[in-house]
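Chain and residue survey
So the chains spell out like this:
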Amino acid sequence: MAILSKIRNRSGLLLILIGFALLAFVVQDLFSNGFKSVSTDVGSVNGKDISFEDFRIKVANVEKNGQNGQPMTSMQASNQVWNQEVSVALLTAEFEKLGLRVGEKHIVEVFKADPNIGQNQMFMNAAGKFDVTKFKDYFKSNPEGIQILKEREKDAELNAKYQIYNSLVKGAMYTTEAEGKFKYEAETSKVTFDYVSVPYSSIKDSDVKITDEEILAYLKTKEKKFKSEESRELDYVLIEEKPSAQDEAEVKNKINSLLTSRVEFKDGKNDTIPSFQSATNIAEFVNQNSDIPFDSTYIAKQDLPAEHAEQLFALATGQVYGPYMFSNYYCISKAMGRKAGAKSKASHILISWEGTQVPNKKEKRTKEQAKAKADGLLAQALANPSGFMFLAMSNSDDSSAQQGGDLGYFGPGQMVKPFNDFVFNNPVGKIGLVETEFGYHIINVTDKQDAIRLATIAEKIEPSEATNDKIYTQATKFEMDATAGKDFAALTKEAKLTVNPSVRVKAIDESFGAISGQRQIVKWAFEDDTNIGDVKRFEVVNMGHVIVKLKKVNEKGLMAVEEARPQVEGLLKNKKKAEMIKAKMTGSSLAAIAASNKVTVVNALDLTLESPAVPGAGFEPKVVGTAFSSKAGQVSKAIDGNSGVYVLVTKTVTKAPALPKYTDYVNKLKPQAAGNAGRFMQALKNEADIQDNRADFY
């Protein structure tokens, strides 16, 4: 009790001490993070926050379920959910602006479009139609499903509004008679003109300099086009963990030694070790000497390593082939027997009935009706075997109907027993009928393949521990030298490693150049305490060591001059060249201008606005447009074209005769207008204020 009393008496002091400790921890954290507030939101769209907790749960569900049966990484799932969240936020705001409302009828239609609901037999009436009452009654009797239904209703409501919104957008994308008329005239009106052209290539690129200031000034005139996300530029080198020549030689020597018998002195006497060919217990021999355990299954020729398939398949029983390389393995194989018809190929037509677990049945039928239909199809298939594919495509309830019922090759036991027994007990060309839990199958046995059984000893050629130690030493030395300030490129050449181009990464990238799944490298590059010139080594599983140096930081905003230069420099050079060329294009006639520039006068005959390809010059819409608008016989002003500077004289303009209606041309433009309707989402994103903070969480 005395101890408890002392604890009570000193509890105030204890709390003060704890408080100071916590305060010190918080202060330290504030200084280390620069008083930066930590957001609980993964981002925002036009000021509306997206909660990380909700986002995290959605990402986990997407990552768990994968995509088309393929696993997804956390970042891939994050990208999918992020795009969805941004789209939903933007669309919801649009729906509210328009005052879109949907009722039960709209939501029911969305549910019906879902095959899991609309085609579910539980919700069908006697006529095979979706019954709303049955659907509601089911959830009334299953209270645990009500919450799930409410969540689905939210999605269905959003989907229904989207369909209305999409219809409104499509309805606004129409083509007018005036547009049809312009299209007709652009295709039909023709112009003939003479011209003189001085190409930009007549002036060397080296004679025209474009400064960073000029590029920056141009970028500022087109900020939307040249806006850029925050990014980092990194130099890197990969030091691979790969086997040495000695590692490879050791594996080859070991496998080669198994081809002959040998005598070993053991326990005071000589012991004869059998060869691969003479071993009596082949399974034990393989398992003792191979990285890949003995496999007794029969293998078809098509499943053998392609470059060795002919030799392996031709082996007589007991014969050995090899050594040979397959992937990273050094192998020897021994033939253990051959089996005729081990793999079979078949096509089928599935006719199911109500009660079988087959989705997307072509029609509703009882078992008796299914049997009658199957018998009829069997008779047709027997009478005309060549028409089996068409019968399957037209009648089968199986997804293989799209391939004419073709199921490909399969081995014994891969199909349900009645199906399996028919195929493997009958010759190629046999057509028959069997019943399984899925329905009635009209089966056509289309091919059979022999297979062989091989005993294969395979050892992977991989770096030894000693080799990995040398690689690690090399990688850490490279890292230390680069950290000490030695030139990264020079170190790379000195080590005889591949010089890689710099890699540009964004904050939420997952891959690093050609190396996928390296989120760790990207995160390091964006950490607050990572500075330009910093170097770090990363171990990449099954690959080696990546040594990375932060080369440059590009802030969010206008694209960096170095990044934009490849896109802009040529354009600005041509503008300067155009002014230089114009200064020399003097003269009162085309002939005089051509003579002063040592070029010739060229004739362009019957060109249109729709196809403005100038002979000998290429696509030049400004030139052809000027020809249409110029007065005949008059020398035009100089025109800055795509490939050079032009001066022209229009000779004749043949205008398209008027039509009573331009319906055909309106119809030509309609697909383009319809395609524009699908661009509204990107347009909404371009105009939105979207803040993406995912890099702080992933």
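Since the model is a prediction, treat every value here as computed from it, not as a measurement.

1. Side note on unusual backbone geometry
What is expected of a backbone is that most residues other than glycine have negative phi and most peptide bonds are trans. In this chain, Gly322 is followed by Pro323 through a cis amide linkage whose omega measures 5 degrees. Its place among the elements puts Pro323 in strand β9 (residues 320-326). The phi dihedral of Ser327 is positive, around 60 degrees, even though this residue is not glycine. Within the fold, Ser327 resides in the loop between β9 and β10 (329-351). In this structure Ser327 comes out as exposed when scored by relative accessible area, which is 57%. Although it is not a glycine, Asn542 sits at a positive phi angle of roughly 60 degrees. In this fold, Asn542 is placed in the loop between β15 (535-540) and β16 (544-554).

2. Some points on the environment of Ser201
With respect to the secondary-structure elements, Ser201 resides in the loop between β3 (190-199) and α10 (212-221). For Ser201, a relative accessible area of 66% gives the class exposed. Remark: the alpha-carbon pair of Ser201 and Asn574, spanning 373 residues in sequence, is separated by 9.0 Å.

3. A few points about a positive patch on the surface
A surface patch of positive charge is lined by Lys222, Lys225, Lys575 and Lys622. Mapped onto the elements, Lys222 comes out in the loop between α10 and β4 (227-228). Residue classification places Lys222 among the partly exposed positions, given a relative accessible area of 36%.

4. Considerations on the packing of helix α9 (residues 177-188) against helix α23 (residues 663-676)
Direction vectors running N to C along α9 and α23 enclose 100 degrees, while the axes themselves pass 8 Å from each other. Classed by the angle they form, the pair α9 and α23 counts as roughly perpendicular. Of α23, the residues touching α9 (which contributes Glu177, Glu179, Gly180, Lys183, Tyr184, Glu187 and Thr188) are Tyr665, Val666, Lys668 and Leu669. The residue inventory of the contact of α9 with α23, partitioned by class, reads 4 nonpolar, 2 polar and 5 charged.

5. Let's talk about the nonpolar core
Of all hydrophobic cores here, the largest spans 27 residues; its most connected members are Phe55, Leu90, Tyr165 and Phe680. Residue assignment for this core shows that the elements contributing at least two residues are β1 (41-45), α3 (52-65), α4 (74-98), α8 (146-172) and α24 (680-687).

6. Overview of the sheet that holds strand β18 (residues 602-607)
Ordered by their spatial adjacency, 4 strands build an open sheet running β18-β3-β22-β21, and the pairing between neighbours is antiparallel. Strands with a single pairing partner mark the edges of an open sheet, and in this sheet they are β18 and β21 (639-640). Across 2 bridges, the pairing between β21 and strand β22 (residues 644-654) is antiparallel. Within β22, the position partnered with Ile639 by the bridge is Tyr646. Contacting β3, β21 and β22, helix α20 (residues 561-582) runs over the sheet at an angle of about 70 degrees to β22.

7. Focus on the sheet that holds strand β14 (residues 503-506)
One open sheet holds the 4 strands; their spatial order is β14-β5-β16-β15, and the pairing between them is antiparallel. Single-partner strands in this sheet number two, and they are β14 and β15. Pairs of neighbouring strands in the sheet enclose a mean axial angle of 40 degrees, with direction left out of account. Bridge count for strand β5 (residues 231-240) against β16 is 10 bridges, and the pairing is antiparallel. Bridge assignment links Ile239 to a residue of β16, and that residue is His545. Here helix α17 (residues 465-483) sits on the sheet in contact with β5, β15 and β16, set at roughly 160 degrees to β15. Docked against the sheet, helix α19 (residues 519-526) engages β5, β14, β15 and β16, running at close to 165 degrees with respect to β15.

Cut-off values and rules
Residues numbered from 1 in each chain as written. Predicted model: local features only at pLDDT ≥ 70, side-chain atom pairs only at ≥ 80, totals over all residues. Heavy atoms only, no water. Helix = DSSP H or I, 4+ residues; strand = E, 2+ residues; numbered from the N terminus. Buried < 20%, exposed > 50% of the residue type's maximum accessible area, 1.4 Å probe, protein only. Patch = residues over 30% accessible without salt bridge, like charges linked within 9 Å, V, L, I, M, F, W, Y side chains within 5 Å. Areas by Shrake-Rupley, 256 points an atom, 1.4 Å probe, with all protein chains shown as cover. Salt bridge = Lys/Arg side-chain N within 4 Å of Asp/Glu carboxyl O. Lys, Arg positive; Asp, Glu negative; His and termini not counted. Charge placed at Lys NZ, Arg CZ, Asp CG, Glu CD. Axes fitted to C-alpha atoms, helices over the stretch in contact; angles between N-to-C directions. Parallel < 35°, antiparallel > 145°, perpendicular 65-115°, else oblique. Contact = heavy atoms within 4.5 Å. Nonpolar A, V, L, I, M, F, W, Y, C, P; charged D, E, K, R; others polar. Core = buried A, V, L, I, M, F, W, Y, C linked by side-chain atoms within 4.5 Å. Pairing = 2+ DSSP bridges.

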